[in-house]
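Here are the chains, one letter per residue:
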Amino acid sequence: MATRYSAAMRLRQTLPKLWLLTDLRTDARLDRAIAGLPRGSAVVFRHYHLPLPERKARFRGLARVARKRGLWLVWSGPAREAVGLRADACYGPARSLTQGPQIMRLVTVHSLAEIGRARRASAVVLSPVYPTRSHPGGKTLGPVRYRLIESRSRVPVIALGGMNARSSRRLGTARWAAIDGLAASTQRKINPRIPRDS
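Computed from a predicted model, the values in this text were never measured in an experiment. (Residues numbered from 1 in each chain as written. Predicted model: local features only at pLDDT ≥ 70, side-chain atom pairs only at ≥ 80, totals over all residues. Heavy atoms only, no water.)

What follows concerns the pairing of strand S5 (residues 104-109). Across the six residues that make up S5, a large majority, six, are buried. Burial of the side chains of S5 extends over both faces: Met 104, Leu 106 and Thr 108 are buried on one face and Arg 105, Val 107 and Val 109 on the other. Note: strand S4 (residues 89-93) against S5, five bridges, orientation parallel. Counted as the bridge partner of Gly 92 is Val 107 from S5. In this structure, S5 lies alongside strand S6 (residues 123-126), joined through four bridges in parallel fashion. In the sheet register, Thr 108 faces S6, and the bridge partner there is Val 125. Remark: the S5/helix H5 (residues 112-117)/S6 crossover connection has right-handed handedness. (Buried < 20%, exposed > 50% of the residue type's maximum accessible area, 1.4 Å probe, protein only. Helix = DSSP H or I, 4+ residues; strand = E, 2+ residues; numbered from the N terminus. Pairing = 2+ DSSP bridges. Right-handed = clockwise from strand over helix to strand, strands pointing away.)

You can see Val 109 is positioned in strand S5. A relative accessible area of 1% means that Val 109 is categorised as buried. Setting aside its immediate chain neighbours within four residues, Val 109 contacts Glu 114, Ile 115, Ala 118, Val 124, Val 125, Leu 126 and Ser 127. (Contact = heavy atoms within 4.5 Å.)

Alternating positions in strand S2 (residues 42-45) separate into two faces, Ala 42 and Val 44 on one and Val 43 and Phe 45 on the other, with burial throughout. When strand S1 (residues 18-21) meets S2, the two strands line up parallel, connected through three bridges. If you follow Leu 21 over to S2, its bridge partner there is Val 44. One crossover worth recording links S1 to the parallel S2 by way of helix H2 (residues 30-35), and it is right-handed. Across four bridges, the pairing between S2 and strand S3 (residues 72-76) is parallel. Counterpart to Ala 42 in the pairing with S3 is Trp 72. In this region the chain leaves S2, passes through helix H3 (residues 52-68) and returns to the parallel neighbour S3; the handedness of that crossover is right-handed.

The next point concerns helix H6 (residues 142-152). Among the residues making up H6, those that are buried are Gly 142, Tyr 146 and Ile 149. Buried residues of H6 fall within an arc of 70° about the axis and therefore sit on the same side. Residues of H6 that are exposed and point more than 90 degrees away from the buried face comprise Val 144 and Ser 151. Structurally, H6 contributes buried residues whose contacts are with H5, S6, strand S7 (157-160) and helix H7 (165-171). (Arc of directions from axis to C-beta.)

Residues shown with low pLDDT carry predicted positions that ought not to be read at fine detail. For the chain, the average pLDDT comes to 85, and 83% of its residues sit at 70 or higher. Mean pLDDT across the elements of the chain bottoms out in helix H1 (residues 2-14) (53) and peaks in S6 (97). Counted against residues more than four places away or in other chains, residues 1-6, with its pLDDT under 50, gives zero contacts. In the predicted structure, residues 186-198 sits below a pLDDT of 50 and forms 36 contacts with residues beyond four places in sequence or in another chain. (pLDDT = per-residue confidence, 0-100.)

In structure tokens:
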């Protein structure tokens, strides 16, 4: 029990604060967006629009840039693929990440019940906190429900959905992720002003 607690504490201390999620919309400006991320941030490579061989090739190309900049690089897909690509973690729904070799698992969740089912998660991405361009009019958690669910989680929680530097400060969360909120910031270095862990 003490060993598990120590590992969890170490992960909380080292886990990136800022997470950029990629997709088709961000592809044209992705290299510039990565160049604007602070050292120690993370890139979750999704790019589901590409066939798997092209997707892996694009990942390997980005990996060279990310490593030089001291960024984490996360593969959205099975753990065995992530290990084969030398990713820092794998990402996806809990049901898709239950098998395979040992690697950090970043699990997507949308409710307290889903957090309870994410038994093999190293951390969870909880969404959507606020309205997003990709799902206009969709149901959101809102700040109160987000904080309630976050307080019940046994693993670190990363906020996603309508997140940017301003909304992260308003929410008071230590870790946040974005697609447009980060990829749009390509002309200057990103200064997230992330709150310290409590």
